[in-house]
Amino acid sequence: MCEHIEDFHRTVLMLGALALYAEIPGADDDFIATIGPSLAVSLPEPPPGMFPPGYDTIGDTDHPGSV
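Residues numbered from 1 in each chain as written. Predicted model: local features only at pLDDT ≥ 70, side-chain atom pairs only at ≥ 80, totals over all residues. Heavy atoms only, no water.

Participant: How would you summarise helix α1 (residues 3–22) if you had to cite specific residues and measurements?
Facilitator: Here α1 spans 28 Å end to end across 20 residues, near enough to the 28 Å set by a 1.5 Å rise per residue. Summarising the contacts, the buried residues of α1 are in contact with α2 (29–42). (Helix = DSSP H or I, 4+ residues; strand = E, 2+ residues; numbered from the N terminus. Expected span 1.5 Å × (residues − 1). Contact = heavy atoms within 4.5 Å.)

Participant: I'd like to hear about α2, residue by residue, with values.
Facilitator: Between its first and last C-alpha atoms α2 spans 20 Å; for 14 residues at 1.5 Å apiece the expected length is 20 Å, and the two agree. Residues of α2 that are buried sit in contact with α1. Two or three places before Asp30, at the opening of α2, Asp28 has a side-chain oxygen 3.0 Å from that residue's backbone nitrogen. (Polar contact = N/O pair within 3.5 Å; in protein donor to acceptor, adjacent residues only side chain to side chain.)

Participant: So what's going on with a nonpolar patch on the surface? Which residues, and what values?
Facilitator: Judged by side-chain polarity, Met50, Phe51 and Tyr55 come together as a nonpolar surface patch covering roughly 250 Å² of accessible area. Here Met50 is to be found in the segment after α2. (Patch = residues over 30% accessible without salt bridge, like charges linked within 9 Å, V, L, I, M, F, W, Y side chains within 5 Å. Areas by Shrake-Rupley, 256 points an atom, 1.4 Å probe, with all protein chains shown as cover. Salt bridge = Lys/Arg side-chain N within 4 Å of Asp/Glu carboxyl O.)

Participant: Got a sec to walk through the side chain of Thr11? Specific residues and values, please.
Facilitator: With respect to the helices and strands, the residue Thr11 is situated in helix α1. The class of Thr11 is buried, set by a relative accessible area of 7%. In contact with Thr11, not counting residues within four places along its chain, are Leu39, Ser42, Leu43 and Pro44. (Buried < 20%, exposed > 50% of the residue type's maximum accessible area, 1.4 Å probe, protein only.)

Participant: Outline the packing of aromatic side chains, supporting the account with residue identities and numerical values.
Facilitator: Enumeration over the complete set of coordinates arrives at 1 aromatic pair. Taking the centre distance of 5.9 Å and the plane angle of 90° together, the rings of Tyr21 and Phe31 count as edge-to-face. On the criterion of sequence distance, the pair formed by Tyr21 in helix α1 and Phe31 in helix α2 is long-range, its members being 10 residues apart. Judged by relative accessible area, which is 29%, Tyr21 ranks as partly exposed. The class of Phe31 is partly exposed, set by a relative accessible area of 40%. (Phe/Tyr/Trp six-rings, centres within 6.5 Å; stacked < 30°, edge-to-face > 60°.)

Structural data, given as structure tokens:
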């Protein structure tokens, strides 16, 4: 697997682990508030083929569940 794809998957897994940690009673809110945005910013571009052709990940597109 290409390093770019591995970085993307690893970062998504870390974001998921942080989300689970945030739900634990007594979780460190300062840690979550610091690490969450840092992980989100470090998220590399998604691998090719993750989104349908023409999908704009930055623009004002409709997202699942939005009206």
